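Okay, here's what each chain looks like letter by letter:
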Amino acid sequence: MTQALQTILARHQFNPTRLLQILREAQEALTWIAPEYIDTLAAGLGLPRARVEGVAGFYRFLHTDAPCRYRLLFSDNITDRMLGNQDLLTTLCEMLWVERGHISEDGLASVDTTSCTGMCDQGPALLVNGWAIPRLSRERLARIAELILAQAPVETWPRELFAVADNLRRADILLGNPLQPGDALRVALPLGRATLLEEIKHSNLRGRGGAGFATGLKWAACRDAAGDHANARRYVVCNADEGEPGTFKDRVLLSTQADLVFEGMTVCAYAINGSQGFLYLRGEYRYLLAPLNGVLARRREAGLLGRDILGHAGFDFDIEIHLGAGAYVCGEESALIESLEGKRGIPRNRPPYPVSHGYLQCPTTLNNVETFCAAALVAAKGADWYRGIGTVKSAGTKVLSVSGDCARPGIYEYPFGVTVRQVLADCGAENTLAVQISGPSGVCIAADEFDRRIAFEDLATAGAFMVFDRSRDMFEVARNFAHFFAHESCGFCTPCRVGTAMLRSTMDKIAAGHGTLYDLAEIEKLDRVLNQSAHCGLGHTACNPTLDTMKRFRPTYERRLKSLDFEPAFDLDGALAAARRMTGRDDTGAHLSTEIEA
Amino acid sequence: MSETFQLDGEDVPFAPAQTVLQAALAAGRYIPHLCYHPEFKPHGSCRVCTVQANGRTQAACTLPAAAGLEVESASEEMNALRRTLVQMLFAEGNHFCPSCEKSGNCVLQALGSDLGVLTAGFRHFYPDRPVDASHPDILLDFNRCILCELCVRASCEVDGKCVFALSGRGLDKHLIVNAASGKLVDTDIALFDKAMEVCPVGVILKKRVGFAVPIGQRRYDQRPISAQALDDAPRVSAASGECAACEGSGAVSALALTEPASSFGEETP
Ligand SMILES: Cc1cc2nc3c(=O)[nH]c(=O)nc-3n(C[C@H](O)[C@H](O)[C@H](O)COP(=O)(O)O)c2cc1C
Ligand code: SF4
Ligand code: SF4
Ligand code: FES
């Protein structure tokens, strides 16, 4: 054990900023993070052991509970639920003789849920020891159970189980680009740094990760930032954390356009004078690591990374991939940087912003995967060409991840300005009740808004497009999202740590038939508190899906309310559950009538 | 100190690098706060100091003071928000004030009194948080932890020991100690560490001195926290080497003793 840990530590030069990567590798090699491993790692890195334990305790894919050979985590987005993941989870538990959420006594397997794993177009999906398996069915689960009971190492499982489809349905300038590796750089480098930056500004390119910040302004601010120390290095970070439920376009960009992503990062490095790049890849996309490293190696060989890139003396830049470990909040840019530094993924206080004080407090440009792709296109083909596509305020195209109730879920790229109705027609959606745009932190729209447009000036989106037809219950959609936010809150600030948990329990109370009008008012109050006082965007938006659906589909809430008066939260019958379990009784006599109204 | 910003319509001067809360306190103006401690870098986690600055709500403790900023703090809207946040903290932990030996010296309780928090407001979570009584001289009662990280910071930055850290996340976030056993007795904490005196609530307690000062004669039994917080910035009590806000020293701020007792703080929320 210690030998394995020492090897991992040495691979990372005993560098504490590598702590998360080290813990990930330890987890993979040894199936868990035992207390004595924490001691070894803390000693090796010169960190207090409590710091190491605190980091291990933050990330969902690091397990400090007990060894377990096969950890199975079912993706639990609403789209997985709509495809029957709950029944499948129960089935797998029965096949493996395990209780959900508990490691089997022989330490063989555990089965639980995790937040959306980005396979919504081919769900239900799960992760086995971090490796994605989409398109679950009873048959596939039976094979998985067989392999586990035979104790076959995951590396030896049939590759076909792990095959992830791209489901490319509509390509435009980005997904259909004819560029070869290096094409964009060959245009960009002769322009010189200043002109290149002007091109990016002039293109009107805005960030694709959700906030829509002007990319050229961000790059310029980073280039101009002094940094704390003279000769501060400048960093380029690609946000491939893609944790927003219903979003999987970055996964497809990384599997089909990896060169373009890295090319965009290199273009950025040239513009801002950056020397080191990182791609922060969400842990759920672990399977992309080797292919992406392969692309990086090819680019180094081709002189597109490394020293004197494309013969430009003094332009040195390389890219390294860091893996996340199950934390949605690490998609928030400053939390991502903390995580890159090997810490708990807590959003920083801002100002200062990453452009001046990012990775290791140095100037850092951080953009979404798709933004870097678009930047490479701009560099290759010019700002005027780019801004001619889309709308006046939203230049270029947007890649959408379409999932839910439609015939053809998958990836659709459109020029900005496309209507929701058009997308619904293209993906074969019928009888559509609602669309969740940009995931739980976005907006939920109903049929009378389907003529609205995908664009920064109307429906801004990070890419998720989840379709719900008339058979769906939008209350359950909102409840799933409330669980998501409570599960993913980092816990730093009071309103979000406590408020998201309160929202979750209020939604559960309503679902259980104990809700009252008072609870609806409490939801509105929680929304105000979170909006006014949460520390980061996760908390600000956590009540959005509930409020949106309450506004547009209020009957689905009211139908569930027990009475229009206040009702105590205390569930007398529920409180007796433990006694019933202990006495093994579940007959009518062991239940109190919970009917209060006549 | 020539530049100013506006706080509730009045000019407040500020020095470079001061935040709105720091400048306000230095100028004798109170903004309710909880996780902020004048000797440490602002944390920004409790959000009790939230103010409206140029129309946007922001945490005053981390918001850089800037010329011309218009800050609104004493509004009913902001105080209602603060009440809710305090209620959330009460609901999250297990705070049985009448039986807590920090009662009367507790910042959370004093804030609650000052803000007029009269009811719990929310359903309580009743978390299961076992106490750590392993250390012969120190008790850790996690039931009251509000996760402000002051002890973490004091232990790392001042004591150089890093006895405390945080683990878990979301509602499962919790304080841990620097020992494989998870027990305080196996850490190198010492009674006179800074970490022993910064806890605003009743988590880190010296054993056997709990009720040396009777309830009713404690810090916030004398005067409301809104008055006393100003004494701390700049630190009046620092002269004694001990933080008067903290349980265990048996000390009641000298200033507090000279002031007439107010009615605040006598009822526990
Ligand atoms: C809770 C939270 C999660 C986020 N997740 C992501 C993400 O997965 N990917 C992403 O690109 N941006 C995400 N963002 C937005 C980033 O903070 C940041 O704005 C973005 O990556 C900047 O890149 P852009 O300018 O290219 O859009 C998230 C923000 C928040 C508040
Ligand atoms: S809003 Fe939520 S996720 Fe963001 S810092 Fe606060 S607790 Fe963490
Ligand atoms: S023990 Fe006290 S000082 Fe430490 S985090 Fe908890 S409340 Fe804050
Ligand atoms: S005092 Fe400002 S957030 Fe706690």
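Small disclaimer: the values here were computed from a predicted structure and weren't measured. (Residues numbered from 1 in each chain as written. Chains lettered and ligands numbered in written order. Predicted model: local features only at pLDDT ≥ 70, side-chain atom pairs only at ≥ 80, totals over all residues. Heavy atoms only, no water.)

To continue, consider the side chain of S104 of chain A. Residue and element names in this part refer to chain A. Within the secondary structure, S104 sits in the loop between α6 (85–96) and β2 (109–114). From its side chain, S104 meets the backbone nitrogen of L108 in a polar contact 3.2 Å long. When sequence neighbours within four positions are dropped, the list of residues in contact with S104 reads V98 and A109. (Helix = DSSP H or I, 4+ residues; strand = E, 2+ residues; numbered from the N terminus. Polar contact = N/O pair within 3.5 Å; in protein donor to acceptor, adjacent residues only side chain to side chain. Contact = heavy atoms within 4.5 Å.)

With that out of the way, let us pick up the state of the cysteines. Residues and elements named next belong to chain A. Under the defined criterion, the tally for this structure stands at one disulfide over all chains. Unpaired in terms of disulfides, C543 finds its nearest cysteine sulfur in C496, a separation of 9.4 Å. Judged by its relative accessible area of 0%, C543 is buried. (Disulfide = S-S within 2.5 Å. Buried < 20%, exposed > 50% of the residue type's maximum accessible area, 1.4 Å probe, protein only.)

Before going further, it helps to examine the site of ligand 3. In the vicinity of ligand 3, the residues found are C145, I146, L147, C148, E149, L150, C151, L175, C199, P200, V201 and V203 of chain B. Partitioning the shell around ligand 3 into residue classes produces eleven nonpolar, no polar and one charged. (Near = heavy atom within 4 Å. Nonpolar A, V, L, I, M, F, W, Y, C, P; charged D, E, K, R; others polar.)

This part takes up the pairing of strand β3 (residues 50–53) of chain B. Residues and elements named next belong to chain B. By the alternation rule, side chains of β3 split into T50 and Q52 and V51 and A53, which are all buried. Strand direction decides the pairing type here: β3 and strand β4 (residues 56–59), joined by four bridges, are antiparallel. Among the inter-strand pairings, A53 is bridged to a residue of β4, identified as R56. Turn length for the β3-β4 hairpin, with the two strands adjacent in sequence and antiparallel, is two residues, and the turn residue N54 shows positive phi of about 45 degrees. Examined bridge by bridge, β3 and strand β5 (residues 70–72) share two bridges and lie antiparallel to one another. Among the inter-strand pairings, A53 is bridged to a residue of β5, identified as V71. (Pairing = 2+ DSSP bridges.)

A separate point is the domain arrangement of chain B. Residues and elements named next belong to chain B. Assigned domains within chain B: domain 1 (4–74) and domain 2 (78–209). Averaged C-alpha coordinates put domain 1 and domain 2 at centres separated by 25 Å. On the side of domain 2, 23 residues touch domain 1, which itself brings 24 residues to the contact. Of the roughly 1600 Å² buried between domain 1 and domain 2, counting both surfaces, carbon and sulfur atoms make up 65%. At the junction of domain 1 with domain 2, the criterion picks out one salt bridge. Among the salt bridges present, the one from K194 reaches E39, with a minimum N-O distance of 2.7 Å. The tally of links from domain 1 across to domain 2 stands at eight residue pairs in polar contact (both at pLDDT 80 or more). The biggest single contributor to the side of domain 1 that touches domain 2 is β3, with three residues. Here the side of domain 1 that touches domain 2 is composed, by residue class, of twelve nonpolar, eight polar and four charged. (Domains from an automatic or database assignment. Buried area = accessible area lost by both parts, 1.4 Å probe. Salt bridge = Lys/Arg side-chain N within 4 Å of Asp/Glu carboxyl O.)

Across soluble globular proteins, nonpolar side chains have a tendency to be buried as a group. Core analysis: the largest hydrophobic core is formed by 123 residues, its most contacted members being L23 and Y59 of chain A together with L34, L108, F164 and I204 of chain B. Broken down by element, this core gets its largest block of residues, eight residues, from helix α2 (residues 76–92) of chain B. Setting aside residues no more than four positions away along its own chain, L23 of chain A makes contact with I33, L41, V52, V55, A56 and L62 of chain A. By size, the runner-up hydrophobic cluster in this structure holds 67 residues, among which are L185, L254, A269 and V355 of chain A. (Core = buried A, V, L, I, M, F, W, Y, C linked by side-chain atoms within 4.5 Å.)

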